Amino acid sequence: MRAKSAWRWPEILFWLGAFGMILLLPNRHLLLNEIVILGLFALSLDLILGYAGIVSLGHAAFFGVGAYAAGLLAKHGISEPVTGLVLSGTAAGLVGLLASFMILRGTDLTRLMVTLGVALILHELANRLDWLTGGADGLLGVSVGPILGRFDFDFAGTTAYVYSLTTAFLLFLLARRIVHSPFGLSLKALKENRLRAATIGIAPNRRIVAVYTLAAVYAGMAGALLTQTTQFVSLEVLDFARSADALLVLVIGGSGYLYGGLIGAIAFKLMKDTLSAMTPAYWIFWMGFILVILVLIGRDRLVAGLARPFAPLLRRFGGREP
């Protein structure tokens, strides 16, 4: 476990590059902020899908709870972002804790329907309780104060990007520590064979509840970041499309190693922006076409083919051969 948890040079370069974008791309901070938030949301889904084997079609439920919690807190007096972020993550975690007990006894198909049902229920509640959430018009009057009382949000999105990236990095460090711990190994055992894991003393239900709650906290914080950096929240945060985007990100980047959500978010956002600029009317078609090709060829085979010319460099720095 100690060897697997050691930092490798591609990881260090990845995070140095992410923070380096603060200076290298000063005009693209708004887009980079969206990528970070999507990456954190996909990372939260990876915790239950890639490590515990729980497929979810309604993960946007916790994203939306965190987004609305942050908006309501900011609207009613708690405008400090870090405080609102922690409270929003806690609120989403409580909802995730309650929802986790409904997926313990079901099969994969039952779990899909339960997770989707929870998201649909919350979406309809947010729509009906328009006196609280603003309904279809969105929550108005959200005013977020300076971070820690010192750093104001600017129109260029620089403060928002630094804030979101720092939050995502700290949460990533925590998730990385968890998945490389005995608890993380027990989750992998549950994913492989739940019955066999139970026979060697692993309590499946407790671990599923724990990781599902943790994933809900991460998703809620991602939603809170979106509300705080845009100062607006609407029903869109609870849409099925939000959950589908996270699944697509993991299809592109891969699941079960944490970086899949982050890398997939970069690729997904760049493809979406590029294709929508090239063909505004047909970009969804080309996005679907690329995903079909990716699935048919295989992500690992495609990455290996692209990395083959760099194999000598990878071997020189101690990396794995493609």
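Just so it is clear, the structure is predicted and the values come from calculations on it, not from any experiment.

This paragraph deals with empty space enclosed by the protein. Any empty space left between atoms is shown by rolling a water-sized probe over those atoms. As enumerated under the stated definition, the model contains one cavity of 30 Å³ or more in all. Of the volumes computed, that of the largest cavity is approximately 40 Å³. Surrounding the largest cavity, Ala70, Leu73, Ala74, Ile78, Ser79, Glu80, Pro81, Gly84, Val144 and Gln228 form its lining. Elements with a minimum of two residues in the lining of the largest cavity: α3 (60–75) and α4 (81–100). It is α3 that provides the largest number of residues to the lining of the largest cavity, a total of three residues. Taken together, the residues that form the lining of the largest cavity break down as six nonpolar, three polar and one charged.

Since the α-helix packs 3.6 residues into each turn, any two residues three or four apart lie on the same face. The terminal C-alpha atoms of helix α2 (residues 29–49), which comprises 21 residues, lie 30 Å apart, in line with the 30 Å expected from a rise of 1.5 Å per residue. Most of α2 sits inside the fold, with 19 of its 21 residues counted as buried.

The full count for this structure, using the stated rule, is four salt bridges. Of the charged contacts, one joins Glu11 and Arg176 as a salt bridge, the two residues approaching to 3.1 Å between their closest N and O atoms. With Glu11 in helix α1 (residues 9–24) and Arg176 in helix α7 (residues 158–179), the pair connects residues that are 165 residues apart, well separated along the chain. The burial state of Glu11 is the same as that of Arg176; both residues are buried. Between Arg128 and Glu124 there is a salt bridge whose closest N-O contact spans 2.9 Å. Separated by four residues within a single helix, Arg128 and Glu124 lie in helix α5 (residues 108–128), roughly one turn from each other. What makes Glu124 partly exposed here is its relative accessible area of 35%.

A few words now on the packing of helix α11 (residues 240–253) against helix α12 (residues 259–278). Put simply, α11 and α12 touch, their axes get as near as 7 Å, and they point 105° apart. Considered as vectors, α11 and α12 are oriented roughly perpendicular to each other. Across the interface between the two elements, Asp245, Leu248, Val249, Leu250, Ile252 and Gly253 from α11 touch Gly260, Gly261, Gly264, Ala265, Ala267, Phe268 and Met271 from α12. Its residues placed into classes, the contact of α11 with α12 shows eight nonpolar, four polar and one charged.

Per the UniProt annotation, the sites labelled "transmembrane region" (unreviewed entry) are residues 12–31, 37–70, 82–104, 160–179, 208–226, 246–268 and 280–298. Spanning residues 208–226, this segment combines 100% helix with 0% strand, and its end C-alpha atoms are found 27 Å apart. End C-alpha to end C-alpha, residues 246–268 measures 10 Å, and it is 78% helix and 0% strand.

About the thresholds
Residues numbered from 1 in each chain as written. Predicted model: local features only at pLDDT ≥ 70, side-chain atom pairs only at ≥ 80, totals over all residues. Heavy atoms only, no water. 1 Å grid on protein atoms, 1.4 Å probe; cavity = no way out; pocket = protein on both sides within 12 Å on 5 of 7 lines; lining within 4 Å. Points joined across faces, edges and corners; volume = space filled by probe spheres on them. Helix = DSSP H or I, 4+ residues; strand = E, 2+ residues; numbered from the N terminus. Nonpolar A, V, L, I, M, F, W, Y, C, P; charged D, E, K, R; others polar. Expected span 1.5 Å × (residues − 1). Buried < 20%, exposed > 50% of the residue type's maximum accessible area, 1.4 Å probe, protein only. Salt bridge = Lys/Arg side-chain N within 4 Å of Asp/Glu carboxyl O. Axes fitted to C-alpha atoms, helices over the stretch in contact; angles between N-to-C directions. Parallel < 35°, antiparallel > 145°, perpendicular 65-115°, else oblique. Contact = heavy atoms within 4.5 Å. UniProt positions renumbered as here; feature names shortened; annotations may be inferred.

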